[in-house]
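Residue strings, one per chain:
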Amino acid sequence: MSIHRPFQDPTPESVRDFIDAVPLYAADVDDPTFFTDDRLVARRNELLRRQLGWLAEASPYYRKVFATEGVEVGDIGSTDDLVGLPVTTKQDLMGDPESFRLAFEQPGLYDLTYQTVYTTGTTTGLPTKYEYTTHDFFGVLQAGRRQNKLAYQVPGDRFFTAFPLSPLPHVSGFAGLIENAAGLGFFHGFGGMSYDEFPIHNPSDYIADQIELVQPQVVAGIGSFLRRMFADMARDGRDLSSIVGVNASGEVLTERMLDHMRENLAACGASPVFVSAPYGFTEGGLSFGQCREAGPLHGTAPDQIFMEVLDPDSGERLPDGERGLVTITHLNRRGMPLLRYQLGDQGVIRNSRCEACGRGGQSMIVSSGSAHITRTKEILKIKGTLVNPQVIHEVVMNTPGVLEYRMIVSHRDPGDPLSPDRLLIRIGIDEGDDVSSWNEGGSSTKQLEVAVKQATEVTPDVELVEDLSEIYDPTTEFKAQRILDERTFE
């Protein structure tokens, strides 16, 4: 029996019909995203009090923080009371990750380290490890099943990941079991940077061959890689008619990028297709996903993570709809739980129920162009002007013909750190686009220069590259590095 996936125009009623039609999802009666507001608040507060007790008992880091700050965990009864606690920064975690690992006097079977992954580098230059206990990992799997439900994926679907096989254990390594938790078959393309000792990585054309062979319902990968691959497959007349969903992560897909991806999928027989852009982070292991294209990113486990947005200057909690630093508190972790941990991202959250799917909890809404999230470290000052690179991303990737780009900020005179700043945008264009219009002084080049100037008050230089791999090579890079700052400051 065919199941209707209501991603094109969801309503709470059509989403409920979809869930009821899938026995695995219909049986999930304790999904907190469908709790009443009062029930979810009560559940969160109950879990927070237990989590704080675990920290006071077994966390070397937070026991020290509580003592230094004079915090009595018994006085914290709700998520509203978190505002009285200090924040935890990435630098705190990087400085001594071992101090965040809970050390119970009598750990149980589910307190063993089940998975170790790695995140941002430490002060030694090495990656920071982050551990999931069995307890934590099972929570990730449950949230992953609910993420599949949110994305209208059903048992029996085939899920193909084109994400690179990373040299570091990464949360993307959870994908196989997460998809299996929802009854999906899982396939990995084994792309990425080759390793001479054990050459198991595959080139991009092999991945395309495998996708056509497997005929998956869902394909996941870095957005820019998938867009280029689908364009190549459309030119080759490939069959992608099985695809109903694409999970494109790693960078923001603008409206034109989405249209381009859909056009090429349709040329390969795939239409309609739900193109979603899940958001996740190493210290969470839980995805935020969409119930419709361009919609909010819904938290799939509001009983495991509580989010705040804080003012970058005052540190005060901001109300719904205001942009600030995204901060998380774990409510149910036994490995390396974090309190008021700043992810290094800026965004906007809302606590209201989704009018499209009926889910409650917390959602992240679009806050800059097409982006739900902006990396704080990416915001630059160029020629005395603060520039959000996401604004440039919107302008460039909504420009007809552009497939890839990279922005490079440098000194106008490379040997003189006191010389003016230079913004260079290197672009790669689609086959068949008019190269002459992108040559120096060409009409397309001039239009892009003007558009960036209008959006940022900074006039760029635009340079065309012939080989797209000069900007992004999926065989050597996990995702495209869009920003390079080559300046030195004295």
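Residues numbered from 1 in each chain as written. Predicted model: local features only at pLDDT ≥ 70, side-chain atom pairs only at ≥ 80, totals over all residues. Heavy atoms only, no water.

Enquirer: I'd like to hear about the pattern of salt bridges, residue by residue, with values.
Expert: With the rule as written, the count across this model stands at 32 salt bridges. Of the charged contacts in the structure, one is a salt bridge between Asp157 and Arg5, with a shortest N-O distance of 2.8 Å. With Asp157 in the loop between α6 (134-150) and β3 (158-161) and Arg5 in the segment before α1 (12-21), this residue pair connects regions lying 152 residues apart in the sequence. Owing to a relative accessible area of 4%, Asp157 belongs among the buried residues under this scheme. We note a salt bridge from Glu404 to Arg228, for which the minimum N-O separation is 2.9 Å. Of this pair, Glu404 sits in strand β17 (residues 402-411) while Arg228 is found in helix α9 (residues 223-235), placing the two residues 176 residues apart along the sequence. Both residues of the pair, Glu404 and Arg228, belong to the buried class. Here the residues in one salt-bridge network are Asp28, Asp31, Arg146 and Lys149, joined through shared partners. (Salt bridge = Lys/Arg side-chain N within 4 Å of Asp/Glu carboxyl O. Helix = DSSP H or I, 4+ residues; strand = E, 2+ residues; numbered from the N terminus. Buried < 20%, exposed > 50% of the residue type's maximum accessible area, 1.4 Å probe, protein only.)

Enquirer: Hey, could you go over unusual backbone geometry for me, with residue numbers and the actual values?
Expert: Pro272 follows Ser271 through a cis peptide bond whose omega is -5°. The residue Tyr152 is not glycine, and still its phi comes out positive at about 65°. Here Tyr152 is to be found in the loop between α6 and β3. In the Ramachandran plot, Phe190 falls in the positive-phi region, its phi being about 60° despite a non-glycine side chain. The exposure class assigned to Phe190 is partly exposed, which follows from its relative accessible area of 31%.

Enquirer: Break down helix α10 (residues 255-267) for me, citing the residues and quoting the values.
Expert: A rise of 1.5 Å per residue sets the reference length of α10, with its 13 residues, at 18 Å; its end C-alpha atoms lie 18 Å apart and thus fit the reference within 8%. For α10, the complete set of buried residues consists of Arg256, Met257, Leu258, His260, Met261, Asn264 and Leu265. Packing partners of the buried residues in α10 comprise α9, β6 (245-249), β7 (274-276), α11 (389-397) and β17. Where α10 terminates, the next one or two residues include Gly269, which has phi positive at roughly 95°. (Expected span 1.5 Å × (residues − 1). Contact = heavy atoms within 4.5 Å.)

Enquirer: Which residues make up the sheet that holds β6, and what are the values?
Expert: Spatial strand order, β4-β3-β5-β6-β7: five strands in an open sheet with parallel pairing. Looking along the sheet, the strands with just one partner apiece sit at the ends: β4 (185-188) and β7. Each neighbouring strand pair of the sheet contributes to a mean axis angle of 15°, computed without reference to strand direction. By the bridge criterion, three bridges tie β3 to strand β5 (residues 218-222) in an arrangement that is parallel. Each bridged residue has a counterpart across the sheet, and for Phe159 the counterpart in β5 is Val218. Across the sheet, helix α8 (residues 204-214) lies against β3, β4 and β5, angled at about 180° from β3, the strand it touches most. (Pairing = 2+ DSSP bridges. Axes fitted to C-alpha atoms, helices over the stretch in contact; angles between N-to-C directions.)

Enquirer: Outline the packing of aromatic side chains, supporting the account with residue identities and numerical values.
Expert: Considering all chains together, one arrives at 20 aromatic pairs under this definition. Relative to Phe137, the ring of Tyr114 lies with its centre 4.8 Å away and its plane at 20°, an arrangement referred to as stacked. Residue Tyr114 is located in strand β1 (residues 113-121), and its partner Phe137 is located in helix α6; the two are separated by 23 residues in the primary sequence. Of the residues examined, Tyr114 reaches a relative accessible area of 40% and is grouped as partly exposed. (Phe/Tyr/Trp six-rings, centres within 6.5 Å; stacked < 30°, edge-to-face > 60°.)

Enquirer: Could you give an account of the packing of α11 against helix α12 (residues 443-456), with specific residues and numbers?
Expert: As a packed pair, α11 and α12 sit with axes 10 Å apart at the nearest point and diverge in direction by 150°. The orientation of α11 with respect to α12, classified from their angle, is roughly antiparallel. The chirality of how α11 crosses α12 is right-handed. On α12, the residues that touch Val391, Ile392, Val395 and Val396 of α11 are Leu448, Ala451, Val452, Ala455 and Thr456. (Parallel < 35°, antiparallel > 145°, perpendicular 65-115°, else oblique. Left-handed = near helix turned anticlockwise from the far one by under 90°.)

Enquirer: Kindly report on the sheet that holds strand β20 (residues 483-485), identifying the contributing residues and their values.
Expert: Pairing is mixed in the open sheet, where four strands are placed in the order β19-β18-β17-β20. The open sheet has two free edges, formed respectively by β19 (461-464) and β20, since each of these has just one partner strand. Neighbour-to-neighbour, the strand axes of the sheet open up by a mean angle of 20°, direction not taken into account. Examined bridge by bridge, β17 and β20 share three bridges and lie parallel to one another. Of the residues in β20, the one forming a bridge with Ile408 is Leu484. Sitting on the sheet, α11 is in contact with β17, β18 (421-429) and β20, with an inclination near 140° to β17.

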